[in-house]
Amino acid sequence: MESSIIGYSRGDYSAKTFQAVNPSNGEKLSVHYAFASYSDVDKACEIAADAAMEMAGFDGKKKAVFLRFLADGIDEITDLLVEIMRLETGLPEPRVRGETGRTSGQLRMFANLVEEGNWVDARIDRAQPERQPLPKPDLRSMLRPMGPVAVFCASNFPLAFSVAGGDSASAWAAGCPVVVKAHHAHPGTALLVAEKVVDCLKACDWPEGAFSLLFGEGRTVGQALVSNPSIKAVGFTGSRSGGKALFDVASSRPEPIPVFAEMSSINPIVVFNEMDDQTTEEFTDGLMGSATLGTGQFCTNPGVVFHPGGNWGKTFVSSYAKKMSEFSPCPMLHKGIRQAYLSGLNRLSSTPGIEVVHQSELDLQDPGCLAGTCVMSTHADNFLNDESMMDEVFGPSTLLVAYDSKEQLMELTKRIEGQLTISLFGENSDLIENELLIAFLETKAGRILFNQFPTGVEVCPSVVHGGPYPATSDSRSTSVGTGAILRFARPICYQGFPDKFLPVELQEKNPLGIRRSEV
Ligand code: NAP
């Protein structure tokens, strides 16, 4: 039996346990994982609070050494990850290898960021003792770590958004300890990475409270973690209901804390005009690839297409349905996701005004988590009259919505909720003719694409993986790219401090040579 990791020790071997399930065949895997006890949660948070004091003094170099060491460590265990993660998630080997590379790449990206040091946004206003009518004091500010961060592993990114994924990497880079709540669907993957994290912390002489891993239910262990007074921020990727529940717990604490939850998005695609045959072919191919990537289990999966209808629309709908029907059913990540997908399809397909153009036949007796594709079609009038059509159906399905006019397209974009992405397909001239619509879309999404599909998310400084609610709980944030570090740091201003007592980043001689805004 395995138990949680609390710093450098193991948690309680409590009587309540769970096992991972192989989504390909529905069989339980042999290892039992003990649920963390409430005392495990308290202990993890207590040592995290102690570690936070020490880690606040770490310079960029010390943080970079650990992040790079961990990146190398994760690369070293790629073969082991392929073995366990394929069993727990049903994901194919190339995806596991790709996600391992993304995870170590993210750690190295944050290592480079903190080593360079400019991210702290240092600002200096020198004193003006002679200023009239009042003297100006010396004021200097920079970003400092928030304190211990609770991170919830995402089911759909068992590495890149889990134990040592983007949330943890950005929190460590900011100087924050991390307490991770494992996802029930891939505990073995989480444990393997967690053991590597502990080895690297020891080797880099970091305090044990810099990391803990808790197994257990979200509603008990997860909520106890977010309620713990030592926790100062939360990173989450998952369902709207889960993210909202944790947001509510965090907001109702005696000391409310920020929750950076990335939840639900239907990532609309807007087609401005009818396309010629070749462009239509390329577009349907690209849309199919985007909608079925990872069996549709990407947060940037395009769930809705607004298209100009008419005869072109009819041809597009039928050729897209034909392409989607050629996609063989694949296992989804866990039973809960498959169940949510099938319920979403049932709900939508029985909604008045929706026509099911294609739906893969499934053996409902299949013990695994197989899911196939679905294409539904409706008119904008129906979509505008029924908000439930805007709900995320997480999986390889697409709702194609025909609109009649530019005015109706504007209505559609006004009505949709906040999104991670909105993709526009057309000519350069469409960008000029639809200037107002595009300006309006800026209020709806974190990333706006032109003639590109949204599924691939480049990990780089300028990417934004965020958006207005319900895409995320805080539209000012991104959970991918270097900007993710800003979620776990807050500005602190030092007024009238003698130079040698200031953080080095703010000292007069600028010993680190970082970029500063100075007056
Ligand atoms: P989830 O159910 O939200 O679970 C994510 C994490 O949150 C798990 O650790 C879970 O704990 C915890 N949790 C869930 N509800 C909670 C609550 N009320 N209080 C405290 N913690 C809670 O997400 P999932 O398992 O990844 O997938 C389920 C559905 O979420 C999908 O079908 C899909 O609709 C949506 N989803 C969306 C995205 C996206 O990016 N848009 C990504 C993934 C999933 P347990 O382990 O105990 O369940």
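Since we're looking at a predicted model, the values are computed, not measured.

Cut-offs and rules
- Residues numbered from 1 in each chain as written.
- Predicted model: local features only at pLDDT ≥ 70, side-chain atom pairs only at ≥ 80, totals over all residues.
- Heavy atoms only, no water.
- Helix = DSSP H or I, 4+ residues; strand = E, 2+ residues; numbered from the N terminus.
- Expected span 1.5 Å × (residues − 1).
- Buried < 20%, exposed > 50% of the residue type's maximum accessible area, 1.4 Å probe, protein only.
- Near = heavy atom within 4 Å.
- Polar contact = N/O pair within 3.5 Å; in protein donor to acceptor, adjacent residues only side chain to side chain.
- Areas by Shrake-Rupley, 256 points an atom, 1.4 Å probe, with all protein chains shown as cover.
- Nonpolar A, V, L, I, M, F, W, Y, C, P; charged D, E, K, R; others polar.
- Domains from an automatic or database assignment.
- Axes fitted to C-alpha atoms, helices over the stretch in contact; angles between N-to-C directions.
- Parallel < 35°, antiparallel > 145°, perpendicular 65-115°, else oblique.
- Left-handed = near helix turned anticlockwise from the far one by under 90°.
- Contact = heavy atoms within 4.5 Å.
- Pairing = 2+ DSSP bridges.
- Salt bridge = Lys/Arg side-chain N within 4 Å of Asp/Glu carboxyl O.
- Right-handed = clockwise from strand over helix to strand, strands pointing away.
- Core = buried A, V, L, I, M, F, W, Y, C linked by side-chain atoms within 4.5 Å.
- Phe/Tyr/Trp six-rings, centres within 6.5 Å; stacked < 30°, edge-to-face > 60°.
- Lys NZ or Arg CZ within 6 Å of the ring centre and 35° of its normal.
- Buried area = accessible area lost by both parts, 1.4 Å probe.

**Re helix 6 (residues 187-203)**
With 17 residues, helix 6 should reach 24 Å at 1.5 Å per residue; the first-to-last C-alpha distance of 24 Å fits that figure. Most of helix 6 is tucked away, with 13 of its 17 residues classed as buried. Count one or two residues on from helix 6 and you reach Asp 205, which has phi positive near 60 degrees.

**So, the site of the ligand**
Taken together, 24 residues lie near the ligand, and Ser 155, Gly 218, Ser 239, Met 263 and Cys 299 sit nearest. Interatomic distance of 2.8 Å between a side-chain N/O atom of His 183 and an oxygen atom of the ligand. With respect to the ligand, the side chain of His 334 contributes an N or O atom lying 3.0 Å from an oxygen atom. When the ligand sits alone it has 860 Å² of accessible area, and the protein chains cover 88% of it. The residue inventory of the shell around the ligand, partitioned by class, reads eight nonpolar, 11 polar and five charged. Two domains each put at least three residues into the shell around the ligand: domain 1 (5-263 + 475-506) and domain 2 (269-450).

**Observations concerning the packing of helix 1 (residues 38-55) against helix 7 (residues 218-227)**
Between helix 1 and helix 7, the shortest axis-to-axis distance is 10 Å and the interhelical angle comes to 30 degrees. Taken together, the axes of helix 1 and helix 7 lie roughly parallel to each other. Crossing handedness for the pair helix 1 and helix 7: right-handed. Along its contact with helix 1, which presents Tyr 38, Val 41 and Cys 45, the element helix 7 presents Thr 220, Val 221, Ala 224 and Leu 225. In terms of residue class, the contact of helix 1 with helix 7 is built from six nonpolar, one polar and no charged.

**Observations regarding the environment of Pro 254**
Relative to the assigned elements, Pro 254 resides in the loop between helix 8 (240-251) and strand 11 (259-262). Classification of Pro 254 by relative accessible area gives exposed; the value is 88%. Separated by 27 residues in the primary sequence, Pro 254 and Ser 227 have C-alpha atoms spaced 9.2 Å apart.

**Some points on the sheet that holds strand 8 (residues 178-181)**
Strand order in this open sheet of seven strands is 2-1-9-8-7-10-11, and the pairing throughout is mixed. This sheet does not close on itself; its edge strands, each paired only once, are strand 2 (9-10) and strand 11. The pairing of strand 10 (residues 233-237) with strand 11 spans four bridges and is classified as parallel. When the sheet's bridge partners are listed, Phe 236 is paired in strand 11 with Ala 261. The sheet contacts of helix 1 involve strand 1 (5-6), strand 8 and strand 9 (211-214), and relative to strand 9 the element is tilted by about 165 degrees. Here helix 7 sits on the sheet and contacts strand 7 (149-152), strand 8, strand 9 and strand 10; the angle it forms with strand 8, its principal contact strand, is near 165 degrees.

**Thoughts on the pattern of salt bridges**
Counting across every chain of the model gives 27 salt bridges. Between Glu 417 and Arg 240 there is a salt bridge, with the nearest N and O atoms lying 2.9 Å from each other. With Glu 417 in the loop between helix 13 (406-415) and strand 19 (419-425) and Arg 240 in helix 8, this pair connects stretches of sequence that are 177 residues apart. Salt bridges linked by common partners bring Arg 126, Asp 138, Arg 140, Glu 508, Arg 516 and Glu 518 together as one network.

**Points about the pairing of strand 9**
Of the two faces of strand 9, the one holding Phe 211 and Leu 213 and the one holding Ser 212 and Leu 214 are both buried throughout. Pairing geometry for strand 1 and strand 9, over two bridges, is antiparallel. Bridge pairing in strand 9 links Ile 5 to Leu 213. Examined bridge by bridge, strand 8 and strand 9 share four bridges and lie parallel to one another. Looking across to strand 9, one finds that Val 180 is bridged to Leu 213. In the classification by handedness, the crossover that spans strand 8, the intervening helix 6 and the parallel strand 9 is right-handed.

**Some points on the nonpolar core**
Among the nonpolar cores identified, the biggest contains 108 residues, and Trp 172 and Leu 213 are the most heavily contacted of them. Counting residues per element, this core draws most heavily on helix 6, at nine residues. Residue contributions to this core reach at least three from each of two domains, namely domain 1 (5-263 + 475-506) and domain 2 (269-450). In contact with Leu 213, other than residues within four places in its own chain, are Ser 4, Ile 5, Val 163, Val 180, Ala 182, Ala 190, Leu 191 and Ala 194. Counting residues in each nonpolar core, the second largest holds 24 residues, with Ile 6, Ile 47, Leu 225 and Val 234 among its members.

**Remarks on the packing of aromatic side chains**
Within the structure shown, the criterion is met by 20 aromatic pairs. Relative to Phe 425, the ring of Phe 283 has its centre 4.9 Å away and its plane inclined at 65 degrees; by these criteria the two rings are edge-to-face. Placement of the pair is Phe 283 in helix 9 (residues 277-292) and Phe 425 in strand 19, with a sequence separation of 142 residues. Taken together through their ring pairs, the aromatic side chains of Phe 283, Trp 312, Phe 316, Tyr 320, Phe 425 and Phe 453 make up a single cluster. The ring of Phe 157 is capped by Arg 95, whose NZ or CZ atom sits 5.2 Å from the centre of that ring.

**What about the domain arrangement of the protein chain?**
Domain assignment breaks the protein chain into domain 1 (5-263 + 475-506) and domain 2 (269-450). The partner domain 2 presents 16 residues to the 18 residues of domain 1 that form the contact. Roughly 1300 Å² of surface becomes buried between domain 1 and domain 2 when both sides are summed, with 57% attributable to carbon and sulfur atoms. Summed over the shared surface of domain 1 and domain 2, the number is one salt bridge. Our enumeration of links across domain 1 and domain 2 arrives at three residue pairs in polar contact (both at pLDDT 80 or more). Tallied by class, residues from the side of domain 1 that touches domain 2 come to five nonpolar, nine polar and four charged.

**Focus on the side chain of Asn 22**
With respect to the helices, strands and loops of the structure, Asn 22 is situated in the loop between strand 3 (17-18) and strand 4 (33-34). A polar contact is formed between the side chain of Asn 22 and the backbone nitrogen of Ser 24, at a distance of 2.8 Å. Sequence-distant contacts of Asn 22, defined by excluding residues within four places in its chain, comprise Glu 27, Leu 29 and Leu 87.

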